[in-house]
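Coordinate inspection notes
Each chain is listed here by its residues.
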Amino acid sequence: MSAHGDHDMGHTIAGWTGSVIAILGFTVAGAALVLGSAAGLWAGGILTALGALASWLLHLAGWGKPTGPRPPAHRHWRTPDPTGRRGHPHCLGCRLAGRTPAPIQAPAPAPARAQRHISA
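First, a word on scope: everything that follows refers to the structure included in this document. (Residues numbered from 1 in each chain as written. Predicted model: local features only at pLDDT ≥ 70, side-chain atom pairs only at ≥ 80, totals over all residues. Heavy atoms only, no water.)

1. Examining the overall build of the chain
To keep things clear, this is the line we draw: Runs of E in the DSSP output that reach at least two residues are strands. Runs of H or I that reach at least four are helices, and both are numbered from the N terminus. Using a 1.4 Å probe on the protein chains alone, a residue whose accessible area is under 20% of its type maximum counts as buried, one over 50% counts as exposed, and one in between counts as partly exposed. In this analysis, two residues are considered to be in contact whenever any of their non-hydrogen atoms come within 4.5 Å of each other. Per-residue accessibility takes into account occlusion by the displayed protein chains alone, with areas from the Shrake-Rupley method and a 1.4 Å probe.
When helices and strands are tallied, the chain shows three helices and zero strands. Helices and strands appear in the chain in the N-to-C order α-α-α. Put simply, the chain has 120 residues, and 21% of those count as buried. Pairs at least 24 apart in sequence give 52% of the contacts found in the chain among residues at least 6 apart. Accessible surface, the chain as shown: approximately 8,900 Å² in total, 67% of it carbon and sulfur.

2. Some words on the environment of L96
Within the fold, L96 resides in helix α3 (residues 92-96). For L96, a relative accessible area of 62% gives the class exposed. The spatial distance from the C-alpha of L96 to the C-alpha of W56 is 9.9 Å, given a sequence separation of 40 residues.

3. Things to note about the packing of helix α1 (residues 13-35) against helix α2 (residues 38-63)
Just so we agree on the cut-off: Each axis is a line fitted through C-alpha atoms, taken for helices only over the stretch in contact, and angles between the N-to-C directions span 0 to 180 degrees. By definition in this entry, angles of less than 35 degrees are roughly parallel, angles greater than 145 are roughly antiparallel, angles of 65 to 115 are roughly perpendicular, and the rest are oblique. Classes in brief: Ala, Val, Leu, Ile, Met, Phe, Trp, Tyr, Cys and Pro nonpolar; Asp, Glu, Lys and Arg charged; the others, Gly included, polar.
At a minimum axis separation of 7 Å, α1 and α2 run at an interaxial angle of 175°. Comparing their axes, α2 and α1 come out roughly antiparallel. Across the contact of α1 with α2, the residue classes break down as 17 nonpolar, 10 polar and no charged.

4. A short note on the side chain of H59
Within the secondary structure, H59 sits in helix α2. Classification of H59 as buried rests on a relative accessible area of 12%. Setting aside anything within four residues of it in sequence, one finds H59 in contact with A14, G64, K65, G84, H88, C91 and C94.

5. Points about the state of the cysteines
For clarity, the cut-off: Two cysteine sulfur atoms make up a disulfide if the distance between them is within 2.5 Å.
Under the defined criterion, the tally for this structure stands at zero disulfides. Between C91, a cysteine without a disulfide, and C94, which holds the nearest cysteine sulfur, the sulfur-to-sulfur distance is 3.6 Å. C94 gets classed as buried once you look at its relative accessible area, which sits at 0%.

6. Some points on a nonpolar patch on the surface
Here is the rule we go by: Patches here: salt-bridge-free residues with over 30% relative accessible area, like charges joined within 9 Å, nonpolar side chains (Val, Leu, Ile, Met, Phe, Trp, Tyr) joined within 5 Å. For this analysis, a salt bridge means a side-chain nitrogen from Lys or Arg found within 4 Å of a carboxyl oxygen belonging to Asp or Glu.
On the surface, a nonpolar cluster with roughly 860 Å² of combined accessible area is contributed by W42, I46, L50, L53, W56, L57, L92 and L96. For the nonpolar patch, the secondary-structure elements that each account for two or more residues are α2 and α3. Top contributing element to the nonpolar patch by residue count: α2, with six residues. The topology assignment puts L53 in helix α2. Residue classification places L53 among the partly exposed positions, given a relative accessible area of 38%.

7. Some points on α2
Note the cut-off: Under the convention used throughout, the expected extent of a helix is 1.5 Å for every residue step, that is, one less than its residue count.
In this model α2 runs 35 Å from its N-terminal to its C-terminal C-alpha over 26 residues, within 8% of the 38 Å that 1.5 Å per residue would give. For α2, every residue scored as buried is listed here: G40, G44, G51, A54, H59, L60 and G62. The elements touched by buried residues of α2 are α1 and α3.

Following this line, the structure appears as structure tokens:
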């Protein structure tokens, strides 16, 4: 990933696992289409759906990533997301699982300094 500089490419266990299973499902469905096998088409469709389900479940287990770039220490694809089990703000997958994390709060502004008026 050094060719991309300090960019978070988003490689995660959840993403890779779901993608590999879905690609396998598309391959099975494509081969079944060529061979004229209805059972193979069903098997490919089920494998593709299982890829989406596996990716979602792994994301919920903490092996996905939140929206946006991650801190550099969490960018390696084998590093679990420490906030994944609580849910990510603005994440549809977490909301579908019933997780409603507290919204990220902006830091409070620093108190204004009292200004002294010097009378002449």
